[in-house]
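# Residue-level structure breakdown
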Amino acid sequence: MIELEGIGFSYGKFPVLRDVSFRLSEGERVVLLGVNGSGKSTLLKILAALEYPSEGSYRYRGREVTRKMRKEQEKVLRREIGILFQNPDTMLFNPSVYEEIAFGLQEIDAEALDERVRTVSELFGISHLLERSPLKLSGGEKQRVAFAAIFAVEPRLLLLDEPTANMDPRSSGWLVDFLQEQEVTTLVATHNLSLAPELGERALVMGENHRLLYDGPVSDLLHNDRLLLEANLLHRHRHRHGAVEHSHYHLHDWS
Ligand SMILES: Nc1ncnc2c1ncn2[C@@H]1O[C@H](COP(=O)(O)OP(=O)(O)O)[C@@H](O)[C@H]1O
Ligand SMILES: [Mg+2]
């Protein structure tokens, strides 16, 4: 479905992605890990064709994705790839939750649209919010609404950028269960290592040097302390228990 070959990207003179290559097949569930600033969000934006790589090539379903791609290919991409941004505020612009979800569904008739909005809001547990203004919701609710709006158009590929960042534990649990029930291809960015095995079977790890450090099973990654330390997903940490102090490896999951 996706083929990235030697992708490079910079903001001005600051490189954010260096020589990143991987493939993604239809139906895969992949977790994209890496500390803040390693380039995860930028990589997702490139996959959604919101940014274009300065080096290397990106093919989506066999066709090269470039700034100059044909309009009809761009339309296919926009329809098939759903991206949920890290900050839901940047995605919500309709006066009500109902209109937010209906926004991408303009091509179907009014009755089917209403039915779809209601089904999706039930699925996302936001039926009680339909009349509310999206901007006045809590962070976790906003993220659900933004996700519902993307999901409503039935994307083929879902790119989720730190989807649990604003969610409480119950909502994060809901999201994990929800994603496990879906057949859609997903790539989920997170810096939360303990969520990784819940979100996919395969992990991609971005290093602080903006290179892809790892591409393989999540289960192997979790046993690879050397790599986790290199990616700064694991820290050596001091603990104090009364008068006793010791140190051991520690996950940083304070999101
Ligand atoms: N629009 C932008 N302009 C300039 N620099 C940016 C922009 N977006 C991100 N960056 C920088 O690019 C680097 C990678 O950012 P990002 O892709 O958001 O990483 P991550 O999602 O892993 O935290 C960071 O150093 C960030 O400050
Ligand atoms: Mg990010």
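I will try to describe carefully the structure that is included in this document. (Residues numbered from 1 in each chain as written. Chains lettered and ligands numbered in written order. Predicted model: local features only at pLDDT ≥ 70, side-chain atom pairs only at ≥ 80, totals over all residues.)

### Topic: the overall build of the protein
Helix and strand content of the protein: nine helices and twelve strands. A compact globule built from 255 residues would reach a C-alpha radius of gyration of about 18 Å, and the protein, at 19 Å, matches this within 12%. Within the protein, the proportion of its 255 residues that are buried is 35%. The long-range fraction of contacts in the protein, counting pairs at least 24 apart against all pairs at least 6 apart in sequence, stands at 62%. (Helix = DSSP H or I, 4+ residues; strand = E, 2+ residues; numbered from the N terminus. Rg over C-alpha atoms; globule rule 2.2 N^0.38 Å. Buried ≥ 20, exposed ≤ 12 C-beta atoms within 10 Å, placed from the backbone. Contact = placed C-beta atoms within 7 Å.)

### Let's talk about the site of ligand 1
Within the structure, ligand 1 sits among Y11, V16, G34, N36, G37, S38, G39, K40, S41 and T42. Take the shell around ligand 1: its biggest share by element is three residues, from helix 1 (residues 40-47). (Near = placed C-beta within 6 Å.)

### A closer look at the packing of helix 4 (residues 110-123) against helix 5 (residues 139-152)
Contact pair helix 4 / helix 5: the axes reach a minimum separation of 10 Å and the direction vectors enclose 130 degrees. In terms of orientation, helix 4 lies oblique with respect to helix 5. The two elements helix 4 and helix 5 meet at a crossing, and its hand is right-handed. Across from R116, V120 and S121 in helix 4, the residues of helix 5 making contact are A148, F151 and A152. Partitioned by chemical class, the residues of the contact of helix 4 with helix 5 number four nonpolar, one polar and one charged. (Axes fitted to C-alpha atoms, helices over the stretch in contact; angles between N-to-C directions. Parallel < 35°, antiparallel > 145°, perpendicular 65-115°, else oblique. Left-handed = near helix turned anticlockwise from the far one by under 90°. Nonpolar A, V, L, I, M, F, W, Y, C, P; charged D, E, K, R; others polar.)

### A word on the nonpolar core
In terms of nonpolar packing, the biggest core is built from 59 residues, with V31, L32, L33, I101, A148, L159 and V205 touching the most fellow members. Considering each element in turn, this core owes the most residues, eight residues, to helix 5. Apart from residues lying up to four places away in sequence, A148 is in contact with I101, V120, S121, F124 and I126. (Core = buried A, V, L, I, M, F, W, Y, C linked by C-beta atoms within 7 Å.)

### Observations regarding the pairing of strand 9 (residues 202-206)
The side chains of a regular strand alternate between both faces of the sheet. Across the five residues of strand 9, five count as buried, placing the element largely inside the fold. Going residue by residue along strand 9, you find R202, L204 and M206 tucked away on one face and A203 and V205 tucked away on the opposite face as well. Relative to strand 9, strand 3 (residues 29-33) is paired through four bridges, and the arrangement is parallel. Each residue of the ladder has a partner; that of V31, found in strand 9, is A203. (Pairing = 2+ DSSP bridges.)

### A look at the sheet that holds strand 10 (residues 212-217)
Strands belonging to one sheet form pairs held by backbone hydrogen bonds; the direction of such a pair is parallel or antiparallel. Taken together, six strands build an open sheet; the order of strands is 6-7-8-3-9-10 and the sheet is mixed. The open sheet has two edge strands with one neighbour each: strand 6 (81-84) and strand 10. Each adjacent strand pair in this sheet contributes to an overall mean axis angle of 15 degrees, direction not counted. Summarising the sheet, strand 6 and strand 7 (residues 157-161) pair through four bridges and their orientation is parallel. Directly across from L84, in strand 7, lies its bridge partner L160.

### Some thoughts on the sheet that holds strand 5 (residues 63-64)
Judged by pairing direction, the sheet is antiparallel, and its four strands sit side by side in the order 2-1-4-5 without closing on themselves. Every other strand in the sheet has two partners, leaving strand 2 (14-24) and strand 5 as the edge strands with one partner each. The sheet contact formed by strand 1 (residues 2-11) and strand 2 spans seven bridges and is antiparallel. Counted as the bridge partner of F9 is L17 from strand 2.

### With respect to unusual backbone geometry
For R61, which is not glycine, the phi dihedral falls at a positive 45 degrees. Note that R61 resides in the loop between strand 4 (55-60) and strand 5. Even without glycine at this site, N232 takes up a positive phi of about 60 degrees. Tracing the backbone through its elements, the reader meets N232 in the loop between helix 9 (225-230) and strand 11 (234-241).

### Things to note about helix 1
Counting buried positions along helix 1 yields seven of eight residues, so the element is predominantly enclosed. Looking at the residues trailing helix 1, positive phi occurs at A49, about 60 degrees.

### Let's talk about the environment of V16
Here V16 lies in strand 2. Taking C-alpha positions, V16 is 28 Å from K71, a pair spaced 55 residues apart along the chain. The contact partners of V16, leaving out residues within four places of it in the chain, are F9, S10, Y11, G39, T42 and H210.

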